[in-house]
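Topology and contacts: notes
So the chains spell out like this:
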Amino acid sequence: MTLDTKKVYTKSIVTGASGFIGVPLVKSLLKKNEEVIVVDKNPPKEENCRSYIRDVSEKNSLDDIADNKTVIYHLAAKASVPESVANPIDDFNNTCYGIFQVLETARKKNCKVIFPSTASIFDPSNKLPVTEKSYVKPSSPYGAAKVSGEAYCYVYNRCYGIDVRVARMFSVYGIGMNRFFIHDVIKKIQKDSSKLTLLGDGKQIRDYLYIDDVVDGLQDIANYGHPGEDYNLASGEQTNLIDLAYKIATFMGVPDINISCSNESFPGDVPMWYGDISKIENIGFKQKIKLDHGLKKTIDWLNLG
């Protein structure tokens, strides 16, 4: 099959539409007057789009709603390293079966697929910042399942000519988050503003990108990226976690909080990562919301919650 690079896509299917990234992605697509179909085990209630209660990992689950004008944003997957370590079978079933069935639908219907992967696929010994060509050797079942998903994406592109594009997301944060480091720090300070204990040694490095920029980046990859390619979807800026915790505390009005580190972490945790984003910048992506602004928005939202 030969790819038609001039093909026009008029419909978007968002799997995992009720998730942290799925909800704002659906809203953004609807604002552009696109036909949007949401698919989830518990789909969000959105006007002007069709919704289906389905398990994407089941065979033929998308066949009746997809056609050759469809872009599938496949967001339905587990997104937790500790949970994948605790239950690797569930993580495998959720991620690997899901992307395989999505790709099968794409093969039959000639759809475009956007697969969100993760920085967790990279070997921790890589020189930083990691590029799309950095060495892949995951440290957790979560990362391993994503590597498998990426591999099937490339195979379906090369063997069947399917337009598949991979978005390697780093650390996503912002309004709508209900777990992970930034959320947990804010909640802990709300509970006790005198002291805060962090996992690890506090020297961990992360690359944070606000949710609105992630949503824009996924659409940039869909609209301007290239078939069979992968893109680091990140800020390209390194953030030390203990410095980040002090920054959050300062924005919350407690700059003198006592922060200590447990010097213990969880299996599969990667100590340091941040991304080279020159490849995604070359297709037009630009970070709009810097960390300080995004943190203040997130704190304000969680204070109202």
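Residues numbered from 1 in each chain as written. Predicted model: local features only at pLDDT ≥ 70, side-chain atom pairs only at ≥ 80, totals over all residues. Heavy atoms only, no water.

This part covers the pattern of salt bridges. Throughout the structure, instances matching the rule amount to 18 salt bridges. Here Asp 216 and Lys 288 are joined by a salt bridge, their closest N and O atoms 3.3 Å apart. Within this pair, whereas Asp 216 is found in helix H6 (residues 211-224), its partner Lys 288 is found in the loop between helix H8 (278-281) and helix H9 (291-304), the two being separated by 72 residues in sequence. For Asp 216, a relative accessible area of 24% puts it in the partly exposed group. By relative accessible area, which is 58% here, Lys 288 ends up exposed. When salt bridges with common partners are traced through the structure, they connect Glu 150, Arg 168, Glu 229, Asp 230 and Lys 279 into a single cluster. (Salt bridge = Lys/Arg side-chain N within 4 Å of Asp/Glu carboxyl O. Helix = DSSP H or I, 4+ residues; strand = E, 2+ residues; numbered from the N terminus. Buried < 20%, exposed > 50% of the residue type's maximum accessible area, 1.4 Å probe, protein only.)

Val 14, Tyr 73, Ile 182, Leu 218, Leu 233 and Ile 248 are the most contacted members of the largest nonpolar core, which totals 62 residues. With six residues, the single largest contributor to this core is H6. Once you skip the residues sitting within four places of it in the chain, Ile 182 turns out to touch Tyr 173, Met 177, Tyr 208, Leu 244, Ile 248, Leu 295 and Thr 298. Formed by 22 residues, the second largest nonpolar core is a distinct cluster that contains Val 56, Leu 103, Cys 153 and Ile 162. (Core = buried A, V, L, I, M, F, W, Y, C linked by side-chain atoms within 4.5 Å. Contact = heavy atoms within 4.5 Å.)

This paragraph deals with the pairing of strand E8 (residues 195-198). The two faces of E8 differ: Leu 196 and Leu 198 on one face are buried, but Lys 195 and Thr 197 on the other face are not. Inspection of the sheet shows E8 paired to strand E13 (residues 258-261) by four bridges, in the parallel sense. Looking across to E13, one finds that Lys 195 is bridged to Asn 258. (Pairing = 2+ DSSP bridges.)

This next bit is on helix H1 (residues 22-31). Within H1, burial applies to Gly 22, Leu 25, Val 26, Ser 28, Leu 29 and Leu 30. At its buried positions, H1 is contacted by strand E1 (11-15), strand E2 (35-40), strand E4 (70-74) and H6. Positive phi shows up at Asn 33, right after H1, with a value of about 60 degrees.

Counted by the stated rule, this structure contains seven aromatic pairs. With 6.3 Å between their ring centres and 90 degrees between their planes, Phe 100 and Tyr 156 make a pair best called edge-to-face. One end of the pair, Phe 100, is in helix H3 (residues 88-109); the other, Tyr 156, is in helix H4 (residues 141-160), and 56 residues separate them in sequence. Phe 100 gets classed as partly exposed once you look at its relative accessible area, which sits at 28%. Judged by its relative accessible area of 4%, Tyr 156 is buried. Between Tyr 173 and Tyr 208 the ring centres are 5.8 Å apart and the planes differ by 85 degrees, which places this aromatic pair in the edge-to-face class. Residue Tyr 173 is located in strand E7 (residues 171-173), and its partner Tyr 208 is located in strand E10 (residues 208-210); the two are separated by 35 residues in the primary sequence. Residue Tyr 208 is classed as buried on the basis of its relative accessible area of 8%. Here a set of aromatic residues connected by ring pairs shows up, and it is made of Phe 100, Tyr 152, Tyr 156 and Tyr 160. (Phe/Tyr/Trp six-rings, centres within 6.5 Å; stacked < 30°, edge-to-face > 60°.)

Purely geometric numbers; function is a separate question.
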